[in-house]
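Each chain is listed here by its residues.
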Amino acid sequence: MSEALNTIEEFVSSDYKYGFVSNIESDTLPPGLDEDVVRQISLRKQEPEWLLEWRLKAFRHWQKMTEPHWPQVHYPPVDFQAISYYAAPKKKPKLNSLDEVDPELRETFDKLGISLDEQKRLAGVAVDAVMDSVSVATTFRKDLEKHGIIFSSFSEAVREHPDLVRKHLGAVVPYTDNFYAALNSAVFSDGSFCYIPKGVRCPMELSTYFRINAANTGQFERTLIVAEEGSYVSYLEGCTAPMRDENQLHAAVVELLAMDRAEIKYSTVQNWYPGDKEGRGGIYNFVTKRGLCKGRDSKISWTQVETGSAITWKYPSCVLLGENSVGEFYSVALTNNRQQADTGTKMVHLGANTRSTIVSKGISAGRAQNSYRGLVKVNPGATNARNFSQCDSLLIGDQCGAHTFPYIECGNPTARIEHEATTSKIGEDQIFYCNQRGIETQDAVNMIVNGFCKEVFKELPMEFAVEAQKLLGVSLEGSVG
Amino acid sequence: MSDPILDIRDLRAGVEGRDILQGISLTIQPGEVHAIMGPNGSGKSTLASVLAGRDGYEVRGGSVNFLGQDLLELAPEERARDGLFLAFQYPVEIPGVNSTYFLKAALNEQRKHRGLTPVDAMEFLTLVRDKIKLLELNEDLLKRPVNAGFSGGEKKRNEIFQMAVLEPRLAVLDETDSGLDIDALRVVANGVNRLKSADNAQLVITHYQRLLDYIVPDFVHVLMNGRIVRSGGKELALELEERGYDWIARETQAATQS
């Protein structure tokens, strides 16, 4: 292999920056899963009877299901009995202000670069930080409350707005949906709940930061966002996890519901620990994300920047039920070393004049395997449905792989579906050209990768676009240009 | 005489185990324009690549001094920041990377290296607007990705445009004339000539004499089989045009046999 490629190899094999462990006492259930564990979780969270019943139904259903093996990823079988299904930071006092948050926890957040301080207020970001499943602090609740917006941890929402939760929980992703969604429904420990009332435009970006801390715990959070008629919300989710030798399971469910003329923009920056260079450790990220455009003229837009996890299995989808509704999916998935990703989207057109756009950018480096898998489905009733899909792959080095699995099912002759795909490689010639203009290799790679992802980054809220660019830089080379 | 910009001594280099440059010596003083001519396969582009530090070329012997430093010790980007510019024979396309962004990054790397403050977007725009006129290029080009979808002529003009912005001490033009029609050639040559000054120098590599009608060299060197077999003034180029390269080959052979 040439020197230029070697140099790229060196950059791409840099270490995970967020691999520190916090010494926060946690209250953890022993490993294993049976009905009793489900009851324990519900009990610890002081949940109402209906929710326990729902969990138990999900659990019983899950027991009858088998793990899916169709994705283009390879990993040893997961021992679901070896996982602890609940870990809550033990000190969980009622907090009146951020000053009361455990200092070490705050330090952890500082290391992650998210402060829960007033700075964020200036930046207009409300943060609901979830660490090991339990929401630690929610900021800006009061401001949001003035607009009638509910933004809280899932558990709080269950306590304070049980009717809303009960009405919508599982409406988009039923517990029968798939293996991991069923598991999540049985054991989910916390997550975020967001409700935007009719006609309200949420005045700030809502943000959640997830982080897996305790060893051997799976993180099963659940997010539910309901946007009532004519409302708008932009939501950002960021994720990191400390370095561990063993694999950790993350099986989340996200449900979005948009009523007439409502718009939900959901952005994810995912940086779970990807494992070491040889593929030891790392997060298994098996996530179900789905949005339902229930009302007419509604819109749901997913933007994701995925750089972490050992294994990613994730297809944020849109069900376009309302007439004229719009679904969008913008994705950057970067895999390095031994990471494997099988990710994409589903656009299901049910209503007339529904439109969807898919822009997927896959980047593979090291010995990683990156697959795009996407379904565009037009039902017979979806007259004049339109879809445009673009899937581009970028290869760095000569030991990685990129795969594309587009599925198209069209049941209406008036539909228009377009699919474009490209594969390219960062060439030594391109790197040398940059070098010859005084730009060093790592900056050149950055520049080319960022250029490749530009279409997706411009969909992210400004501040997070910068973050995402940096994250790609870090994931590829250990220093930021 | 002042210190030379470039001083090559007995440079031997090759690629993939093949010897190509078999001992080249060449000294370039500030203000000078040197032309290297030679038939295909004589080692012209290898010389350009070795000077710029392209990967895969192995230096087997000799030395290259650039502005008082050992050039061969420097990484390609360090050579560039010190003022060595290569106008590529085949400029590569970099999709997704905006030309303005690219060139501003290049300029600021150079400025940073020299302890200067980086130029901001506005200053840069003023600068490039000036320079782009010199090459008669459309300003739209600045908004497009680097070389992506450029015509052959645009790519070559873009190289010289970049040279105009970066103001190198030594510009190596690797067959910049190839693939250019006569009008584009004139524009490129005009640009190069305007960039000439008393303290920079140019090394023009070409197969044909044609370019040298527009860029008038102070010295012409003939490269054959990895050696400079003859050096002279600009009239040597005209002689080559008239008589081809064969007579030099014959004379060189005769000289080595006698």
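Residues numbered from 1 in each chain as written. Chains lettered and ligands numbered in written order. Predicted model: local features only at pLDDT ≥ 70, side-chain atom pairs only at ≥ 80, totals over all residues. Heavy atoms only, no water.

## With respect to the pattern of salt bridges
Scanning the entire structure with this criterion turns up 36 salt bridges over all chains. With its nearest N and O atoms 3.3 Å apart, the salt bridge here joins Arg54 of chain B to Asp429 of chain A. Here the residue Arg54 of chain B occupies a position in the loop between helix H1 (44-52) and strand S4 (57-66), and Asp429 of chain A occupies one in helix H10 (residues 428-436), the pair thus bridging two chains. What you see here is one network of salt bridges that share partners, running through Glu440 of chain A together with Arg81, Glu109 and Lys112 of chain B. (Salt bridge = Lys/Arg side-chain N within 4 Å of Asp/Glu carboxyl O. Helix = DSSP H or I, 4+ residues; strand = E, 2+ residues; numbered from the N terminus.)

## A closer look at the sheet that holds strand S6 (residues 84-87) of chain B
All names here are of chain B. One open sheet holds the 6 strands; their spatial order is S6-S9-S10-S3-S11-S12, and the pairing between them is mixed. Looking at which strands have only one partner, the edges of the open sheet turn out to be S6 and strand S12 (227-232). In this sheet, adjacent strand axes meet at a mean angle of 20° when their direction is disregarded. Judged from the 4 bridges that link them, strand S3 (residues 33-37) and strand S11 (residues 219-224) form a sheet pairing that is parallel. Paired with Ala35 across the bridge in S11 is Val220. The strands that helix H5 (residues 152-166) touches are S6, strand S9 (170-174) and strand S10 (201-206); relative to S6, the one it contacts most, it runs at about 165°. (Pairing = 2+ DSSP bridges. Axes fitted to C-alpha atoms, helices over the stretch in contact; angles between N-to-C directions. Contact = heavy atoms within 4.5 Å.)

## So, the interface of chain A and chain B
Taken together, the contact between chain A and chain B spans 20 residues of the former and 30 residues of the latter. Both sides together, the interface formed by chain A and chain B hides about 2100 Å², and carbon and sulfur atoms give 62% of it. Three residues, Phe432, Tyr433 and Arg437 of chain A, lead the burial of chain A against chain B; their summed loss comes to 37% of the area buried on that side. Applying the counting rule to chain A against chain B returns 3 salt bridges. Here Arg437 of chain A and Glu159 of chain B are joined by a salt bridge, their closest N and O atoms 2.6 Å apart. (Buried area = accessible area lost by both parts, 1.4 Å probe.)

## Examining the packing of aromatic side chains
Residues and elements named next belong to chain A. In total, this model carries 20 aromatic pairs over all chains according to the counting rule given. For the pair Trp54 and Tyr175, a centre-to-centre distance of 5.8 Å together with 85° between the ring planes defines the contact as edge-to-face. On the criterion of sequence distance, the pair formed by Trp54 in helix H3 (residues 49-63) and Tyr175 in the loop between helix H8 (162-168) and helix H9 (179-187) is long-range, its members being 121 residues apart. The exposure class assigned to Trp54 is buried, which follows from its relative accessible area of 13%. With 5.8 Å between their ring centres and 80° between their planes, Trp313 and Tyr315 make a pair best called edge-to-face. (Phe/Tyr/Trp six-rings, centres within 6.5 Å; stacked < 30°, edge-to-face > 60°. Buried < 20%, exposed > 50% of the residue type's maximum accessible area, 1.4 Å probe, protein only.)

## Re the state of the cysteines
All names here are of chain A. Scanning all chains against the criterion turns up 0 disulfides over all chains. With no disulfide partner, Cys202 has as its closest neighbouring cysteine sulfur the one in Cys194, 6.4 Å distant. Owing to a relative accessible area of 6%, Cys202 belongs among the buried residues under this scheme. With no disulfide of its own, Cys391 lies closest to Cys453 among cysteine sulfurs, the gap being 14 Å. Judged by relative accessible area, which is 2%, Cys391 ranks as buried. (Disulfide = S-S within 2.5 Å.)

## Details of helix H4 (residues 121-134) of chain B
All names here are of chain B. The first and last C-alpha atoms of H4 sit 20 Å apart over 14 residues, in line with the 20 Å expected at 1.5 Å per residue. Among the residues of H4, those classed as buried are Phe124, Val128, Lys131, Ile132 and Leu134. Within H4, the buried residues cover an arc of 125° as seen down the axis, which keeps them to one side. Structural note: H4 exposes Met122, Thr126, Asp130 and Lys133 on the side pointing more than 90 degrees away from its buried face. Looking at the buried positions of H4, the neighbouring elements they touch are helix H3 (99-113), H5 and helix H6 (182-195). Capping the start of H4 is the job of one residue whose side-chain oxygen sits 3.1 Å from the backbone nitrogen of Met122: Asp120. (Expected span 1.5 Å × (residues − 1). Arc of directions from axis to C-beta. Polar contact = N/O pair within 3.5 Å; in protein donor to acceptor, adjacent residues only side chain to side chain.)

## Some words on H6 of chain B
The periodicity of an α-helix, 3.6 residues per turn, causes residues three or four positions apart to be oriented the same way. All names here are of chain B. Here H6 is 14 residues long and its end C-alpha atoms lie 20 Å apart, about the 20 Å a rise of 1.5 Å per residue gives. Restricting attention to buried positions, one finds in H6 the residues Ala184, Leu185, Val187, Val188, Ala189, Gly191, Val192 and Leu195. Lining the buried residues of H6 we find H4, H5, S9 and S10.

## Topic: the pairing of strand S13 (residues 282-293) of chain A
Residue and element names in this part refer to chain A. Burial within S13 is extensive, with 12 of its 12 residues counted as buried. Here strand S11 (residues 253-258) pairs with S13 via 6 bridges, running parallel. Paired with Leu257 across the strands is Leu292, a residue of S13. Bridge analysis of S13 against strand S15 (residues 311-314) gives 4 bridges, and the strand direction is parallel. Residue Asn285 lies in a different strand from S15, and its bridge partner there is Thr312.

## Digging into the nonpolar core
Ile363 of chain A together with Leu170 of chain B are the most contacted members of the largest nonpolar core, which totals 109 residues. Per-element tally for this core: the top contributor is helix H11 (residues 441-457) of chain A, with 9 residues. Ignoring any residue separated from it by four or fewer positions in sequence, one finds Ile363 of chain A in contact with Val332, Ala333, Leu334, Thr335, Asn370, Leu394, Ile396, Val449, Phe452, Cys453 and Leu472 of chain A. Core analysis: the second largest hydrophobic core is formed by 56 residues, Trp50, Ile83, Val165 and Tyr175 of chain A among them. (Core = buried A, V, L, I, M, F, W, Y, C linked by side-chain atoms within 4.5 Å.)

## Some remarks on the confidence of the model for chain B
Overall, the prediction assigns chain B a mean pLDDT of 90, with 98% of residues at 70 or greater. Scored as a complex, the prediction yields pTM 0.78 and ipTM 0.95. (pLDDT = per-residue confidence, 0-100.)

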